[in-house]
Amino acid sequence: MAKKKTIRTIPQERTPIAVQDPGERAKNFSEVALGYGLDETLNECERCLMCPEAACVAGCPVGIDIPGFIAKTIEKDYQGAYDILTDANLLPAICGRVCPQEDQCEGVCPVGDTLEPVAIGRLERWLGDLAIKEGWSNVPYIEPNGFRIGIVGSGPAGIACAADMAKAGCDVTVYEAFHKPGGVLRYGIPEFRLPNEVIDAEVSALARLGVKIKCNTLVGRLFTIEQMLDEMDFDAVFIGTGAGYPSFMGIPGESLNGVLSANELLTRCNLMHAGEFPDYDTPLHLGRQVAVIGAGNTAMDAMRVCLRLGAEKVSCVYRRTKAESPARAEETDHAEEEGIEFHWLTAPVEILGDEDNNVRAMKCVRMELGEPDDSGRRRPVPIEGSEFEFETDMIVYAIGTNANPIIGQTSKLKLNAWGYIESDEDLATSMAGVYAGGDIVTGGATVILAMGAGRKAAKGMKAYLGIRDSDFVYLPDQGKSSGGPFGFDVREKTFSRVRLA
Amino acid sequence: MGAKSGDGAVLSKTIDPLPMVDEEPAVEIVAREDFSDVTYLLEFRHPMMAKAAKPGQFVIVIPREHGERIPLTIADFDRDKGTITLVIQAVGKTTKEMQQACRTGTTLFSVVGPMGEPSHIGDLGKVVCVGGGLGVAPVFPQARAFKENGAYVIGVIGFRNKDLVFWEDKFRKYCDEFIICSDDGSVGIKGLVTEGIKAAMDNHDDIDEVIAIGPPIMMKACAETTRPSGIKTSVSLNPIMVDGTGMCGGCRVKIGGKMQFACVDGPDFDGHQVDFDDLMNRLKRFTEDEKLAVERWTETCRAGKAS
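Draft legend 1. Up close: the overall build of chain B. Helices and strands together make up the secondary structure of chain B, namely nine helices and 17 strands. Oriented by its inertia axes, the alpha-carbon framework of chain B measures out at about 85 × 45 × 40 Å. Looking at chain B as a whole, 55% of its 307 residues are labelled buried. Within the structure as shown, chain B displays about 13,400 Å² of accessible surface, and the carbon and sulfur contribution to it stands at 50%. Mean positive and mean negative side-chain charge positions of chain B (36 and 45 charges, respectively) differ by 4 Å.

Structural data, given as structure tokens:
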């Protein structure tokens, strides 16, 4: 073993990642960030200081043993690294791509105090991609325990919860309303950020754990949460239906044709392939000059999809400045490079239509930043007399979502004032055995936070069902022979003296 | 280890072909009936859905893998047989293609449902159930439910002409009074269904509710007919939808000046509150694309026949 690494001895520069040329990529749906190769990966791994109390692990919503998998990678035991990674996160190739690492693991990485932090996300992605290519899977020995778990929604929260419950030995069934699994990963995140084949590969990892996925099933309407417990013999249910129900602003002209939510745009394009109309039957009717309202990650996705489908001009309209915008800096930078026009401190007040009821323009007002509001961000205030007309023929709203009402309409679960499902610290709802997590509890957030919630709910469910949850990982090779006394694994060291009568 | 520099860039196509999703039993069509050149009935097997379906709800069908999601109101459900019935008009590319492709024994790529809030079948004394054209099918389960609930049901159905009439007997069975109208007078009263509603209102001054389903222009006319008397009038709206689960907002409609989503807040709404002009404008959203799709499809059909 070499001398202990210090901030002075590690490679000083963060290993750059190859990206597609902005001019080129703005015309295709291939991935923007191309990912590390082996040499780049090993170089970046050397930048990890192997902190004994790793801040990054605490910074990760699902608690991946980050120094652990990096150490294995350095040892060139890539499959071992993958196993460590997937003990905590079944979807490394997805999370490596879409997690906001700068706010999580990389945001707390001590290397980042002096230099750029270790590119943990890129390392995660490299391992995830390698595993897909090599066909690896991390299937632990699973001892069936007879419990049946129903999961509502196959998005990140549902997948994470399903994986943990399946590993614990439960018989898990995931229900999805769409015809393909993945939830927001499928309908929301475009191919150039997350290719469908990556979703397919990582969701199939669930199937290897024995999880059943039933598509075309709208829970609440086809059967209710109550029926799942009472008639369908599920011992516990997890609800991860996401937020849905997009917000509009309530300004005049919103029902003109050419005004739509980012959810609709993305669903048409990502799930239904509207970009390939008429080979696929779903139309989009793309505008020539698209204006997207909002500056979050969804707004960036919507704009970049429109650009790739051939819109002449795509603009972002946001009432605050770049500093307050909620999107990842990387996404905003990519969008800027690709030629998206940004109109900061601008808010729409009315949408104007032509005689055929199509969008013709948008009346906007300039804003300035005033005093900080409840969110701590400076409140945008309209500048009087600054109205102007903005020419556009398609307006996309990406200003967030409200709670989806279906589960609330069809069950007796307690909801909060905004219609989200109420849950306690363990994510248990008002109904015994029913847990909920992700956007349907918190409102719109990120993929990894939803996954974190799914894992937390799984922990709560295991406690509810009385499943021993030692966070102990059964390694595949020791699988079938873990026959300690009374069926306990000797390494668990949880048994105390038993007195025989 | 097979990873070389740059390998991360392109994922190999040799992803494990392990079945990703549990293979669902395909949704099989068990009966088909043609009412006219453009109107046809499909009955498919889905026992769970038949058990859950209630009057007023709809399903979303994707007929084939590259297809679009189309919302169709449930026209009938048989819990014993485990089937759901849809009555479809071949107006766009997808419904024309289904008319050609869907036969007894064929399968649909995806059907999800039931969706939407069920109609409220209260303890009402007297109701008028109005179906215009294709709307006869979706209003039928409501008429039946009201009848089974002990209400006095007046059925009013209308068609353009005699040749388009369907389900007359089936509908009549659940009605205490039955009025049929046609635009050209070839069957029943000559005139629109609003004539039938007026006739019912003239004969009865104790109507509790009118339920009207049909094209938006017909539902608008029905709502205007009952507005002066203030009789509660329910209509079922059919805007353009994508997911049908409240997620996209494509189906937003104006109800009493407020925005609602037809898929989860409806599809039934108070007809006196609905902004029908807004609905009709929004239904024209994809006119050009629809035309293109039909033209292209008709061409491929011709080419297919020629070869």
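Moving on from the coordinates now.
Draft legend 2. View of the nonpolar core. Ranked by internal contacts, the top residues of the largest apolar core, which has 83 residues, are Ile66, Phe69, Ile149, Met165, Val172, Leu185 and Val211 of chain A. Met165 of chain A has contacts with Ile149, Cys170, Val172, Ala458, Met461, Lys462 and Leu465 of chain A, leaving out every residue within four places of it along the chain. Within the second largest apolar cluster, 54 residues are counted, among which are Met115, Val128, Met218 and Phe261 of chain B.

Draft legend 3. Local environment of the sheet that holds strand E3 (residues 212–214) of chain A. All names here are of chain A. In space, the five strands of this open sheet follow the order E3-E2-E1-E4-E14, with parallel pairing throughout. Each of the sheet's edge strands pairs with one partner strand only, and the pair in question is E3 and strand E14 (434–436). Averaged over neighbouring strand pairs, the angle between their axes works out to 20 degrees when direction is ignored. In the sheet, strand E1 (residues 148–152) pairs with strand E4 (residues 236–239) via four bridges, with the strands oriented parallel. The partner of Gly150 across the bridge, within E4, is Val237.

Draft legend 4. Structural view of the environment of Leu72 of chain B. Residue and element names in this part refer to chain B. With respect to the helices and strands, the residue Leu72 is situated in strand E4 (residues 70–73). With a relative accessible area of 12%, Leu72 lands in the buried category. Residues Leu72 and Asp37, spaced 35 residues apart in sequence, show a C-alpha to C-alpha distance of 19 Å. In this structure, Leu72 is in contact with Phe58, Val59, Val61, Leu86 and Ile88, ignoring residues within four places of it in sequence.

Draft legend 5. The pairing of strand E13 (residues 394–397) of chain A, seen in detail. All names here are of chain A. Of the two faces of E13, the one holding Met394 and Val396 and the one holding Ile395 and Tyr397 are both buried throughout. Two strands pair when backbone bridges link them, and strand E6 (residues 289–293) and E13 are joined in this way by four bridges, in the parallel orientation. Residue pairing across strands places Ile293 opposite Tyr397, the latter belonging to E13.

Draft legend 6. Molecular detail of the interface of chain A and chain B. At the interface, 73 residues of chain A touch 74 residues of chain B. For the pair chain A and chain B, the summed buried surface comes to about 6,100 Å²; carbon and sulfur atoms form 56% of the total. Linking chain A to chain B there are six salt bridges. Among the salt bridges present, the one from Glu231 of chain A reaches Lys51 of chain B, with a minimum N-O distance of 3.7 Å. At the boundary of chain A with chain B, the tally comes to 23 residue pairs in polar contact (both at pLDDT 80 or more). Counting residues per element, the ones that place at least two in the side of chain A that touches chain B are helix H2 (38–45), helix H9 (120–134), helix H11 (184–187), helix H12 (196–208), E3, strand E5 (259–261), helix H14 (262–271) and helix H17 (406–410) of chain A. Examining the composition of the side of chain A that touches chain B, we find that eight residues originate from one element, H12 of chain A, more than from any other.

Draft legend 7. Structural view of the side chain of Gln289 of chain A. Tracing the backbone shows Gln289 of chain A in strand E6. Contacts of Gln289 of chain A, omitting those with residues within four sequence positions, involve Lys313, Glu391, Thr392, Asp393 and Met394 of chain A.

Draft legend 8. Up close: the sheet that holds strand E8 (residues 110–115) of chain B. Residue and element names in this part refer to chain B. Strand order in the open sheet made by the three strands is E4-E3-E8, with antiparallel pairing throughout. Each edge of the open sheet carries a strand with a single partner, namely E4 and E8. Going from strand to strand, the sheet's axes swing by 25 degrees on average, the running direction of each strand aside.

Draft legend 9. Layout of H2 of chain A. All names here are of chain A. Regarding H2, the residues found buried are Leu38, Thr41, Leu42, Glu44 and Cys45. The arc that holds every buried residue of H2, seen down its axis, measures 165 degrees, which confines them to one face. On its buried face, H2 is in contact with helix H4 (66–74), helix H5 (78–88) and H9.

Draft legend 10. Fine view of the packing of aromatic side chains. Residue and element names in this part refer to chain B. Tallied over the entire structure, the rule returns 19 aromatic pairs over all chains. When the centroid spacing of 5.7 Å and the interplanar angle of 70 degrees are considered together, the rings of Phe140 and Tyr174 count as edge-to-face. One end of the pair, Phe140, is in helix H3 (residues 136–148); the other, Tyr174, is in the loop between helix H4 (168–172) and strand E11 (177–182), with 34 residues separating them in the sequence. With relative accessibility at 1%, the residue Phe140 sits in the buried group. Members of the aromatic cluster, each reached through a chain of ring pairs, are Phe35, Phe140, Phe159, Phe166, Trp167, Phe171, Tyr174 and Phe178. Over the face of the ring belonging to Tyr40 we find Arg32, whose NZ or CZ atom lies 5.1 Å from the ring centre.

Draft legend 11. View of helix H16 (residues 329–338) of chain A. All names here are of chain A. Within H16 the residues assigned to the buried category are Glu331, Thr332, His334, Ala335 and Glu338. One side of H16 holds all its buried residues, which, seen down the axis, span an arc of 160 degrees. As for H16, its buried residues are in contact with helix H1 (22–25), helix H15 (297–309) and strand E8 (341–343). Backbone geometry just downstream of H16 places Gly339 in the positive-phi region, at approximately 105 degrees.

Draft legend 12. Fine view of the pairing of strand E7 (residues 313–317) of chain A. Residue and element names in this part refer to chain A. The element E7 is largely enclosed, with a buried count of four among its five residues. Summarising the sheet, E6 and E7 pair through five bridges and their orientation is parallel. From the neighbouring strand, Ile293 faces E7, where its bridge partner is Val317. With H15 bridging E6 and the parallel E7, this β-α-β connection has right-handed handedness. In terms of strand pairing, E7 meets E8 through three bridges, oriented parallel. Residue Ser315 lies in a different strand from E8, and its bridge partner there is Glu341. Running through H16, the crossover from E7 to the neighbouring parallel element E8 is right-handed.

Draft legend 13. Molecular detail of the packing of H4 of chain A against H9 of chain A. Residue and element names in this part refer to chain A. Two numbers describe how H4 lies on H9: the axes approach to 11 Å, and their chain directions differ by 60 degrees. It follows from the interaxial angle that H4 and H9 lie oblique. Once H4 is placed against H9, the crossing between them reads as left-handed. Counting all contacts with H4, which are made through Ile66, Phe69, Ile70 and Thr73, the residues of H9 involved are Ile120, Leu123, Glu124, Trp126 and Leu127. Residues of the contact of H4 with H9, tallied by class, amount to seven nonpolar, one polar and one charged.

Draft legend 14. Region of interest: the domain arrangement of chain B. Residues and elements named next belong to chain B. Parsing chain B into structural domains produces domain 1 (27–115) and domain 2 (126–283). Here the C-alpha centre of domain 2 lies 21 Å away from the C-alpha centre of domain 1. Between domain 1 and domain 2, the residue contacts involve 20 residues of the former and 21 residues of the latter. Between domain 1 and domain 2, a total of about 1,600 Å² is buried, with carbon and sulfur atoms accounting for 65% of that surface.

Calculation criteria
Residues numbered from 1 in each chain as written. Chains lettered and ligands numbered in written order. Predicted model: local features only at pLDDT ≥ 70, side-chain atom pairs only at ≥ 80, totals over all residues. Heavy atoms only, no water. Helix = DSSP H or I, 4+ residues; strand = E, 2+ residues; numbered from the N terminus. Buried < 20%, exposed > 50% of the residue type's maximum accessible area, 1.4 Å probe, protein only. Areas by Shrake-Rupley, 256 points an atom, 1.4 Å probe, with all protein chains shown as cover. Lys, Arg positive; Asp, Glu negative; His and termini not counted. Charge placed at Lys NZ, Arg CZ, Asp CG, Glu CD. Core = buried A, V, L, I, M, F, W, Y, C linked by side-chain atoms within 4.5 Å. Contact = heavy atoms within 4.5 Å. Pairing = 2+ DSSP bridges. Axes fitted to C-alpha atoms, helices over the stretch in contact; angles between N-to-C directions. Buried area = accessible area lost by both parts, 1.4 Å probe. Salt bridge = Lys/Arg side-chain N within 4 Å of Asp/Glu carboxyl O. Polar contact = N/O pair within 3.5 Å; in protein donor to acceptor, adjacent residues only side chain to side chain. Arc of directions from axis to C-beta. Phe/Tyr/Trp six-rings, centres within 6.5 Å; stacked < 30°, edge-to-face > 60°. Lys NZ or Arg CZ within 6 Å of the ring centre and 35° of its normal. Right-handed = clockwise from strand over helix to strand, strands pointing away. Parallel < 35°, antiparallel > 145°, perpendicular 65-115°, else oblique. Left-handed = near helix turned anticlockwise from the far one by under 90°. Nonpolar A, V, L, I, M, F, W, Y, C, P; charged D, E, K, R; others polar. Domains from an automatic or database assignment.

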